[in-house]
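Results of the structural survey
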Amino acid sequence: MKQPLVDDTEDVSLDFGNEEELALRKAKIRHPLATFFHLFFRVSAIVTYLLCDWFSKSFVACFVTILLLLSFDFWSVKNVTGRLLVGLRWWNQIDEDGKSHWVFEAKKVSTSIAASTEVEARIFWLGLIICPVIWTVFFFSTLFSLKLKWLALVIAGISLQAANLYGYIHCKLGGKKSISKVTSRFLSQQMFQRERQEEIQGMDVLKDMEIHNH
C-alpha cells in the first residue's frame, strides 16, 4: 500500500521589488557624472602637486593651477556632489540683524530607488576623508624638506577639504536642521519684533493722549 506523499514545502512570499531595489543600491551608480567630479578635482590637485615639476618649471603656474583645482573641488563637493550622492548639504546664512547662522541638512532616508546607492556613498566618504589626510602628509613633508614656498598652498588644500569634511560630518552625526525649522524660527523672530514695535507705538500714543488731556 502506497504511503501518501507529505509536502514539506512552505509558501514563502517573495518581494521582488525590494530585491531589485537592494540590488540597485548595491551595484548601480545613479549619478556617474557627480561621482566622477567628486573625485576628479581633488585627485587632479594631488597628482598635479606631485608631478608639477615634471610638467612646468614655473612655480606660479603650478601654484595657480593647483589652487584652482582645489577651489573647483570645494565648490562642487559643497554644492553638488554631497546633495546628490548622500543627501547632505551645509551652508552659512546671515539674517537681517547681521548674525551668521550655520545650517546643516540631512535628507530623510527613503526606500525609493531615487535614494543614493551604497557605492556612491562609499565613494563620497572615502574621497572626503582620504584626501585631507594626504594633504596633511604633504604639510609635514614640506616642513621636513624645507620646501616652505609650497606651505601656503598645502595649508589652503587642508583648509578647503577639511571644511567640507567637517560640514558633512556635522550633517551626518547630528547637526541636522531643516529649512522649515530655520524659516519658522526666522518668522517667529520677525513676528515678535513686529508685536514689540506695535506695543511701543501704542504706549507712545497713550502717553501723548495723557499729555493732551492734562
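Residues numbered from 1 in each chain as written. Predicted model: local features only at pLDDT ≥ 70, side-chain atom pairs only at ≥ 80, totals over all residues. Heavy atoms only, no water.

1. Some details on the confidence of the model for the protein chain
What counts here: Confidence scores per residue from the predictor, reported as pLDDT, run from 0 to 100. When checking whether two residues touch, look at their non-hydrogen atoms; a contact exists if any pair is within 4.5 Å.
Across the protein chain, pLDDT averages 77, with 64% of residues at or above 70. Long-range and interchain partners of residues 1–17, a stretch whose pLDDT sits below 50, account for 0 contacts in this model, where long-range means more than four residues apart. Below a pLDDT of 50 lies the segment residues 175–180, which in the model reaches 14 contacts outside its immediate sequence neighbourhood of four places, other chains included.

2. Section: unusual backbone geometry
So the rule is basically this: In DSSP terms, a helix is any run of H or I states spanning at least four residues, a strand is any run of E spanning at least two, and both are numbered starting from the N terminus. Here's how the labels work: a residue is buried when its accessible area is under 20% of the maximum for its type, exposed when over 50%, partly exposed in between, all with a 1.4 Å probe on protein chains only.
For Leu146, which is not a glycine, the phi torsion comes out positive at approximately 60°. With respect to the helices, strands and loops of the structure, Leu146 is situated in the loop between α4 (118–144) and α5 (151–173). The class for Leu146 is exposed, based on a relative accessible area of 65%.

3. Here we look at the nonpolar core
We count it as follows: Note on terminology: a nonpolar core comprises buried Ala, Val, Leu, Ile, Met, Phe, Trp, Tyr and Cys residues joined through side-chain atoms within 4.5 Å.
Within the largest apolar cluster, 15 residues are counted, with the highest numbers of intra-cluster contacts made by Tyr49, Ile66, Trp135 and Trp150. Only α2 (32–55), α3 (59–85), α4 and α5 provide two or more residues apiece to this core. Residues contacting Trp135, with those up to four places away along its chain left out, are Ala45, Ile46, Tyr49, Ile66, Leu70, Val154, Gly157, Ile158 and Gln161. Listed in part, the 13 residues of the second largest apolar core include Leu85, Val86, Trp125 and Leu128.

4. Observations concerning the pairing of strand β1 (residues 88–94)
For clarity, the threshold we go by: A pair of strands is labelled paired if DSSP reports no fewer than 2 bridges between them.
Pairing between β1 and strand β2 (residues 100–106): 7 bridges, direction antiparallel. Within β2, the position partnered with Leu88 by the bridge is Ala106. Between the end of β1 and the start of β2, which pair antiparallel, lie 5 residues, with Gly98 showing a positive phi angle near 85°.

5. A look at a nonpolar patch on the surface
Our working definition: Only residues whose relative accessible area exceeds 30% and that form no salt bridge are eligible for patches; like-charged ones are grouped when within 9 Å, while nonpolar side chains (Val, Leu, Ile, Met, Phe, Trp, Tyr) are grouped when within 5 Å. The accessible surface values rely on the Shrake-Rupley method and a 1.4 Å probe; as for residues, cover is taken only from the protein chains in view. Just to be clear on terms, a salt bridge is a Lys or Arg side-chain nitrogen sitting within 4 Å of an Asp or Glu carboxyl oxygen.
Taken together, the side chains of Leu126, Ile129, Ile130, Val133 and Val137 present a nonpolar region at the surface, about 430 Å² in accessible area. As for its position among the elements, Ile130 is in helix α4.

6. Quick word on the UniProt feature "transmembrane region" (unreviewed entry) in the protein chain
For clarity, the cut-off: UniProt positions are given in the numbering used here, feature names are shortened, and annotations may be inferred rather than shown by experiment.
Per the UniProt annotation, the sites labelled "transmembrane region" (unreviewed entry) are residues 33–51, 57–75, 123–144 and 150–169. Measuring from the first to the last C-alpha atom of residues 123–144 gives 32 Å, for a span that is 100% helix and 0% strand. For residues 150–169, helix accounts for 95% and strand for 0%, while the C-alpha atoms at its two ends are 28 Å apart.

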